[in-house]
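These are the residues of each chain, in order.
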Amino acid sequence: MGEATTLKLLLFLGSLLLVQTKRGSGDSLSQNVTKLLNSLLDDYDKRLRPSYGSEPVEIGVTLFIVSISSISEVNMDFTLDFYFRQMWIDRRLSYSDIADEMIISSEMINSIWSPDTFFPDEKTAYFHTATSRNEFVRLRPKGNVLYSMRITVTASCPMDFRYFPLDRQICSLEVESFGYQTKDIFYKWAEGSLKSVGVSSKLSMPQFRLTDYRVREYQITLSTGNYSRLALDLLFVRSLGYYIIQVYVPTILIVHISWISFWLHRSVAPARVSLGITTVLTMTTLISSTNASLPKISYLKSIDVYLVTCFVMVFAALLEYACVFYLTNRCDKHHKKVKAKAKAKAEQDKRSADGHCRCEVFQTLLLQRRWMEDDSAVWRRRDSLVELSRSFSENATRHRVVGVSAV
């Protein structure tokens, strides 16, 4: 038991001695870094850029896009949240006492020189400060400075809507020095054109898809001199799901509904008129709601051609019934006139036929009367002849009798 207790006591004393040794070394390292930083800032003039009067400072830039929150067609801008990192070499901050990289507070940036980088196409921008200002500074023994920060920038994005909603938009984020010319500062993509820009795998947008991006380096000439500029071009392709559901499918159904009037009889005026007016007003409302989410542009868009074509087809269906109704009325009036003329002619023919019949009857009656008069005259003549012959026979008989008597 005595040996075991002694062993445990020795182990405890050894561990306590080791902790004290490490604590002492840590405190001494911290003191050494503090002295080093103080020595670096002694006689340091942050108003002058590194290598002042000599070669320009090369500023390496990298970006990592965390999210793209909005792309506004009305305001023609886009908002993105990204980590912005700048790297340069300042020989005045080189050291050799410590071999490791020093990660120091961002307050250090206020004590050393930093480039006056800005975004030329920026509308609004802000730093993230929850729970503290999202930035850090790192120093390396050879004077390499890494300054990283998280920024949300809303930048302008001129858009072309000629092929809307089948359009593709290119939005650019540009980086430039506000005051230093190319003879003082030169910007470049730190890790080349392929690795200098990163995009989060969780990036998603409701109406667009980020299909590709490219980086550029060029110089721009202004009235105050030549300036180095970097540009990041983001290629966005619009997603058609929303417009298929909200625009294309409803318009196709509305056009087909307007064609139902072709199967209705032309005499059913209330149904055809109400159906045509309803489809026309629905198309007008749909066109207005679609253009409400876009800026008031003067040129014709692809969706305008489609919607106007659908509107013309719907309006033509209503106009077709108006033409059919007008022509039907004219045809009905013409048929009525033709029937009236035919009826009048038939009546006239009937009247003329009745008159002709009456004439024939009259003529027949007249002939019959004449025949009757002729017959009566014949009978009268016959009677007179009979009487005459009778009188002759009587006279002859009387003469015979007188003659006989005379004999």
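Residues numbered from 1 in each chain as written. Predicted model: local features only at pLDDT ≥ 70, side-chain atom pairs only at ≥ 80, totals over all residues. Heavy atoms only, no water.

On to the nonpolar core, then. In this structure, I68, F82, F84, M102 and L139 are the most contacted members of the largest nonpolar core, which totals 65 residues. Considering every element that reaches this core, the biggest residue donor is strand 1 (residues 57–72), with seven residues. (Core = buried A, V, L, I, M, F, W, Y, C linked by side-chain atoms within 4.5 Å. Buried < 20%, exposed > 50% of the residue type's maximum accessible area, 1.4 Å probe, protein only. Helix = DSSP H or I, 4+ residues; strand = E, 2+ residues; numbered from the N terminus.)

On to the pairing of strand 1, then. When strand 1 meets strand 9 (residues 185–189), the two strands line up parallel, connected through five bridges. Within strand 9, the position partnered with G60 by the bridge is K188. In the sheet, strand 1 pairs with strand 2 (residues 77–89) via 11 bridges, with the strands oriented antiparallel. Bridging across to strand 2, F64 finds its partner in Y83. Hairpin remark: strand 1 followed by strand 2, antiparallel, with four residues in the connecting loop; positive phi at M76, about 55°. Pairing geometry for strand 1 and strand 10 (residues 197–199), over three bridges, is parallel. The partner of I65 across the bridge, within strand 10, is V199. (Pairing = 2+ DSSP bridges.)

The subject of this paragraph is the packing of helix 3 (residues 241–258) against helix 4 (residues 269–292). Viewed as axis vectors pointing N to C, helix 3 and helix 4 meet at an angle of 165°, and their least axial separation amounts to 10 Å. As judged from the angle between their axes, helix 3 and helix 4 are roughly antiparallel. Where helix 3 crosses over helix 4, the handedness of that crossing is left-handed. Where helix 3 abuts helix 4, its residues Q246, V247, P250, T251, I254, I257 and S258 lie against L275, T279, T282, M283, L286 and T290. (Axes fitted to C-alpha atoms, helices over the stretch in contact; angles between N-to-C directions. Parallel < 35°, antiparallel > 145°, perpendicular 65-115°, else oblique. Left-handed = near helix turned anticlockwise from the far one by under 90°. Contact = heavy atoms within 4.5 Å.)

So, about the side chain of D304. Counting through the fold element by element, D304 comes out in helix 5 (residues 302–406). Judged by its relative accessible area of 11%, D304 falls in the buried class.

What follows deals with the state of the cysteines. One pass over the structure, following the stated rule, counts one disulfide. Each sulfur in the disulfide pair C157 and C171 lies 1.9 Å from the other. Around the S-S axis, the bridge from C157 to C171 shows a dihedral of about -75° and counts as left-handed. Residue C157 is located in the loop between strand 7 (144–156) and strand 8 (168–177), and its partner C171 is located in strand 8; the two are separated by 14 residues in the primary sequence. By relative accessible area, C157 is classed as buried at 0%. Residue classification places C171 among the buried residues on the basis of a relative accessible area of 0%. (Disulfide = S-S within 2.5 Å.)

A separate point is the sheet that holds strand 12 (residues 225–238). Across the sheet, four strands lie side by side as 4-8-12-11; this open sheet has antiparallel pairing. Taken across any chain shown, the strands that pair with only one partner, and hence form the sheet edges, are strand 4 (117–118) and strand 11 (208–222). Looking at chain direction, strand 8 and strand 12 are connected through nine bridges and run antiparallel. Bridging from a neighbouring strand, L173 pairs with L232 of strand 12.

Right, let's talk about the side chain of D121 for a bit. Positionally, D121 belongs in the loop between strand 4 and strand 5 (122–127). Among buried Asp, Glu, Lys and Arg side chains, D121 stands out as unpaired, with R229 the closest opposite charge at 7.5 Å. Once residues lying within four places of it in the same chain are set aside, the contact partners of D121 are T154, A155, S156, S172, L173 and E174. (Lys, Arg positive; Asp, Glu negative; His and termini not counted. Salt bridge = Lys/Arg side-chain N within 4 Å of Asp/Glu carboxyl O.)

In this section: a nonpolar patch on the surface. A grouping of Y163, L166, L240, I244, I245, V249, L253, I257 and I260 is seen on the molecular surface, where their side chains present a nonpolar patch of about 830 Å² in accessible area. Considering the arrangement of structural elements, one finds L240 in the loop between strand 12 and helix 3. According to the relative accessible area criterion, L240 is partly exposed, its value standing at 30%. (Patch = residues over 30% accessible without salt bridge, like charges linked within 9 Å, V, L, I, M, F, W, Y side chains within 5 Å. Areas by Shrake-Rupley, 256 points an atom, 1.4 Å probe, with all protein chains shown as cover.)

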